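What the coordinates show
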Amino acid sequence: MTHDLSYIALTALNLSCIYALLALGVSIVFASLGLVNMGHGFSFAAAGYGAWLVASHFSSNPWAVMGGGLLTGALSGMLICAIAFIPLHEKPNFVLRGMVATLAINLLGIQALQTAFGPSSRSLPALFGSGPWALGGWSVPADKAGAIACALLLMALTMAWMTRSRMGLQVRAMMQNPEGASLVGIGVRRTALLVMAVTGGLAGMAAVLLSQTYFVSPYAGTTPLVKGLIVALAGGLGSVPGAVAAAVLVGVIEALTSALLGGQYVLITQFLFIIAVLLLRPRGLGGLLDHSRE
Amino acid sequence: MSEHNRPAEGILQVRGLSAGYGPLTVLHDLDFAVTAGEKVALVGLNGHGKSTLFRAISGLTDWQRGSIRLAGREVGGSRSGGAGRMTHKIVRMGLAHMPQGDAIFPGLTVAQHLDCGAFTATAWRQRRRRRDELLAIFPPLQKLLASPVGSLSGGERRMVSLARGLMTPAKLYLVDEPSLGLAPKISRSIVDALLALELGTGAMVIAEQNLALLTGRVDRVLGMHAGQLKGSA
């Protein structure tokens, strides 16, 4: 029974981490650019193929594969920015237009991936070795341990970037008052490209890490996108700690549901969870944790 | 501070400027010039275009027509992108605009606001020293450096907004209603601090309804009425 429980906890943690990476991206983009990025799933899927191309044509060195995913994700983020944000962001009703444009990019991009690579799934090499990692008295499967460690590191880096660096300061200034930001010389377009590249890179890393558990396929991004959106909404759009907290809850719910009820109930319990959160706290969990938003 | 003397042209040269929001025209064919080292007061009632003039100069109005030259460069050219599109570039040419409502970032601390204000490479390197200078001008901010600005009082927010605008040396400072909504004692101390600033080759325009705060202490007083300027323009 204890083994069972620790397995559930580990799966929950693994999923939480990956959802948190996606949700962070959705959340940061919405808060700073006012864009609900439905194209995040495309960045995710494209990064899976980017990593796969690197692994099958250049080197299966874990760093090279991760770099391939990160770079492809960042480039897709910049592409989405160039198509859906820069020409549209000053138009009236941008939130809706941006959502439709990014959704279109998502669908077109997935079709393009399917045309280019075919519908069959690909697998990435094991990046974190094959044997279990011994952590204290536990032996933890390498794929999960590595994914968790990487995701935690990336989240920590993203948080540090947002809170400590000069660019992060500019992004947060733009999130909180775009006019004030322009009055201190912060340009929306340049900052938008940067934000989309960083969040695309996060989606790319999420894709590489999730590929340790699931396969890479053109549609691989759809379910994680939905879950990333759920987590970002439940966390309170724009709140980094809220997104992390919501990701942990959603991951725990997914792991518990599939262990106790069966995998087919996962989306049902997750949507029930977000409905409950939004009924009780319409602004998401973030309001509880994040004092920065008034 | 590098000095480019342009005897022929002042810091700001506005010619035939009309501007407004949507169908509304607020400024009507206005001429306005500011030369280096000047402190100018712009007085007038609410709704007569003081803020709109400032916003037109920083590219924040919906539309404008006419010429605005900042330190010899045209910044009022035709605007295809809408309000705010060029603002960051105009600011980087040497404009410090401290707007009405302060345009603060509620979740960032006072120290972070000041860092944001240091947006050029030089200003960023010298930000600690500049911060200390500004804290001497606005002493109440000293204790609040780590507080989120959203939690501060109106007077403290005004000081943050002004200090942020002063972090990078500018050619033209536009200060919109520094006394608005503040207790008389606080507004007097804020205006005193502003008028005591060393501008170097820069110039400052202060929009103000409370003429008593400024009379005799600025180089020129201009009146604004119904979108046009009266006085020694």
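Higher on the page you've got the structure.
Residues numbered from 1 in each chain as written. Chains lettered and ligands numbered in written order. Predicted model: local features only at pLDDT ≥ 70, side-chain atom pairs only at ≥ 80, totals over all residues.

**So, the overall build of chain B**
Note the threshold: Under the scheme used here, helices are H or I runs from DSSP no shorter than 4 residues and strands are E runs no shorter than 2 residues, and both carry numbers assigned from the N terminus. Values of the radius of gyration come from C-alpha atoms, whereas the globule rule sets the reference at 2.2 Å times the count of residues to the power 0.38. Counting other C-beta atoms within 10 Å of its own, a residue is labelled buried from 20 upward, exposed at 12 or fewer, and partly exposed in the gap between, with every C-beta atom placed from the backbone.
The secondary structure content of chain B amounts to 7 helices and 10 strands. Over its C-alpha trace chain B gives a radius of gyration of 17 Å, about what one expects of a compact globule, namely 17 Å for 233 residues. Counting only C-alpha atoms and orienting by the principal axes, one finds that chain B spans roughly 45 × 35 × 35 Å. Buried residues in chain B amount to 47% of all 233 residues.

**Details of the packing of helix α2 (residues 40-58) of chain A against helix α9 (residues 222-235) of chain A**
Residue and element names in this part refer to chain A. Filter applied, for reference: Each axis is a line fitted through C-alpha atoms, and for a helix only the stretch in contact is used; angles between axes span 0 to 180 degrees, taken between their N-to-C directions. Throughout, the term roughly parallel applies to angles under 35 degrees, roughly antiparallel to angles over 145, roughly perpendicular to angles from 65 to 115, and oblique to all others. Take the far helix as your reference; a near helix turned counterclockwise from it by less than a right angle gives a left-handed crossing, and one turned clockwise gives a right-handed crossing. Any pair of residues counts as being in contact when their C-beta atoms, constructed from backbone geometry, are within 7 Å of one another. Each residue is assigned to one of three groups, with Ala, Val, Leu, Ile, Met, Phe, Trp, Tyr, Cys and Pro labelled nonpolar, Asp, Glu, Lys and Arg labelled charged, and all others, Gly among them, labelled polar.
Closest axis-to-axis distance for the α2/α9 pair is 8 Å, and the angle between their directions is 135°. One finds that α2 runs oblique with respect to α9. Considering only the axes of α2 and α9, their crossing is right-handed. Contacts between α2 and α9 involve H40, G41 and F44 from the first element and T222, P224, L225 and G228 from the second. Its residues assigned to classes, the contact of α2 with α9 comprises 3 nonpolar, 4 polar and no charged.

**Things to note about the pairing of strand β2 (residues 24-34) of chain B**
Residue and element names in this part refer to chain B. Spelled out, the test is: If DSSP finds at least two bridges between two strands, the strands pair.
As paired elements, strand β1 (residues 12-21) and β2 share 7 bridges and run antiparallel to each other. Note that in β2 the partner of Y21 across the bridge is L24. Taking the residues between adjacent antiparallel strands as the criterion, β1 and β2 are bridged by 2 residues, where G22 takes a positive phi near 55°.

**Details of the nonpolar core**
Residue and element names in this part refer to chain A. The cut-off we apply is this: One nonpolar core equals one set of buried Ala, Val, Leu, Ile, Met, Phe, Trp, Tyr and Cys residues connected by C-beta atoms within 7 Å.
I18, A20, L21, A23, A206 and V231 are the most contacted members of the largest nonpolar core, which totals 163 residues. For this core, the element with the most residues is helix α1 (residues 2-33), which contributes 17 residues. Filtering out sequence-adjacent residues up to four positions away, A23 remains in contact with G228, V231, A232, G235, A243, A246 and A247.

**Quick word on the interface of chain A and chain B**
Bring the parts together and some accessible area is lost; that lost area is often taken as the interface size. Across the contact, 18 residues belong to chain A and 26 residues belong to chain B. When residues of the side of chain A that touches chain B are traced back to their parent elements, those giving at least two are α6 (166-176) and α7 (178-183) of chain A. Of the residues belonging to the side of chain A that touches chain B, the class tally is 5 nonpolar, 8 polar and 5 charged.

**Description of the environment of P140 of chain B**
All names here are of chain B. Among the secondary structure elements, P140 is positioned in the loop between α5 (127-137) and α6 (154-166). Residue classification places P140 among the partly exposed residues on the basis of 14 C-beta atoms within 10 Å. With 16 residues separating them along the chain, P140 and E156 place their C-alpha atoms 7.4 Å apart. In contact with P140, other than residues within four places in its own chain, are E156 and M159.

**What to know about the packing of α6 of chain A against helix α8 (residues 188-210) of chain A**
Residue and element names in this part refer to chain A. Closest axis-to-axis distance for the α6/α8 pair is 11 Å, and the angle between their directions is 115°. Compared by their axis directions, α6 and α8 come out roughly perpendicular. Remark: the crossing between α6 and α8 carries left-handed chirality. Between α6 and α8, the contacting residues are M167, Q170, V171 and M174 on the first element and V188, T191, L194 and V195 on the second.

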